[in-house]
Amino acid sequence: MKKASSVLGSLLLCLACHAQQTTYTLEYATGNPPFTMTENGKPVGVAITVVATLFEKAKLAYTLQEVPLARGMAEAKVKELTCAFPVQRAQFIEADYQWISPIFVTDSGFFVHPQSKERFIALADARKRKIGALRGSGDAEYLKAFGYDVDEANTPEQSLEKLLNKRIDVWATDVLSARYFVQKAGGKDRTPVSALTFRRSLGSLACNTKMPSADVAKLQSTLDTMIA
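Residues numbered from 1 in each chain as written. Predicted model: local features only at pLDDT ≥ 70, side-chain atom pairs only at ≥ 80, totals over all residues. Heavy atoms only, no water.

Axis separation between helix α5 (residues 156-164) and helix α6 (residues 175-185) bottoms out at 11 Å; the angle between their running directions is 60°. Of the two possible hands of crossing, α5 and α6 adopt the one that is right-handed. Within the contact between the two elements, α5 uses Pro-156, Glu-157 and Leu-160 and α6 uses Ser-177, Phe-181 and Lys-184. Broken down by class, the residue content of the contact of α5 with α6 amounts to 3 nonpolar, 1 polar and 2 charged. (Axes fitted to C-alpha atoms, helices over the stretch in contact; angles between N-to-C directions. Helix = DSSP H or I, 4+ residues; strand = E, 2+ residues; numbered from the N terminus. Left-handed = near helix turned anticlockwise from the far one by under 90°. Contact = heavy atoms within 4.5 Å. Nonpolar A, V, L, I, M, F, W, Y, C, P; charged D, E, K, R; others polar.)

A few words now on the environment of Thr-25. Here Thr-25 lies in strand β1 (residues 23-29). On the basis of relative accessible area, Thr-25 is assigned to the partly exposed category, the value being 21%. Residues Thr-25 and Ala-61 lie 36 residues apart in sequence; the distance between their C-alpha atoms is 8.9 Å. For Thr-25, the contacting residues outside a window of four places in its chain are Thr-63, Gln-65, Leu-81, Thr-82 and Cys-83. (Buried < 20%, exposed > 50% of the residue type's maximum accessible area, 1.4 Å probe, protein only.)

Before going further, it helps to spend a moment on the packing of aromatic side chains. The description of an aromatic ring pair rests on the distance of the ring centres and on the angle between the ring planes. Scanning the entire structure with this criterion turns up 12 aromatic pairs. With 5.4 Å between their ring centres and 90° between their planes, Tyr-180 and Phe-181 make a pair best called edge-to-face. Classification of Tyr-180 by relative accessible area gives partly exposed; the value is 22%. Taking the relative accessible area as the measure of exposure, Phe-181 reaches 4% and is therefore buried. Taken together, the ring pairs connect Phe-110, Phe-120, Tyr-142, Phe-146 and Phe-198 into an aromatic cluster. (Phe/Tyr/Trp six-rings, centres within 6.5 Å; stacked < 30°, edge-to-face > 60°.)

These figures capture arrangement, not role.
Encoded structure:
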């Protein structure tokens, strides 16, 4: 009887461990509207809705955790069952993660001070400018790779405030994020002006490389169906 109880106890313990192991930690970027943000203590935003729906349709357990984007990406590299989003998929980080993509497609642009008349024809026109960008974002890494002077912030709003206070010359961000802040601005004196659209990227879910291949396939298939 004791032996049977011991076996049953071990089995229940294994099942409990398995349940814990199959719960994913999804780390979303701090204050990155309209994609990820927290309102009244709850995670909201376009990317939150897509990713939550994706995991629910795929019948995979998850928890959401708000962290700075760079931290989320660093933790997704080393922690199993951990994903970060939204991450701009790019060649220089392709091998660092398992990708579920795209959760959205966006264009990135340069935005200047409301009083500025400056416009750019090509990316190189901003070569001598100080450019603000989200720390860990594809835009920041892309510009740094080409030798641009990039001032990184933990949230897009921090970069916007630097732009409005003329502590940076240009704000590099995705167009949808900039549009959100334009609508929120409440006045022309706080409305950044578009100066150039310079790249298109895939907003994606970046997961630890040890993520089970069956779960990767299930999530990607589910996402493809949602897109269709």
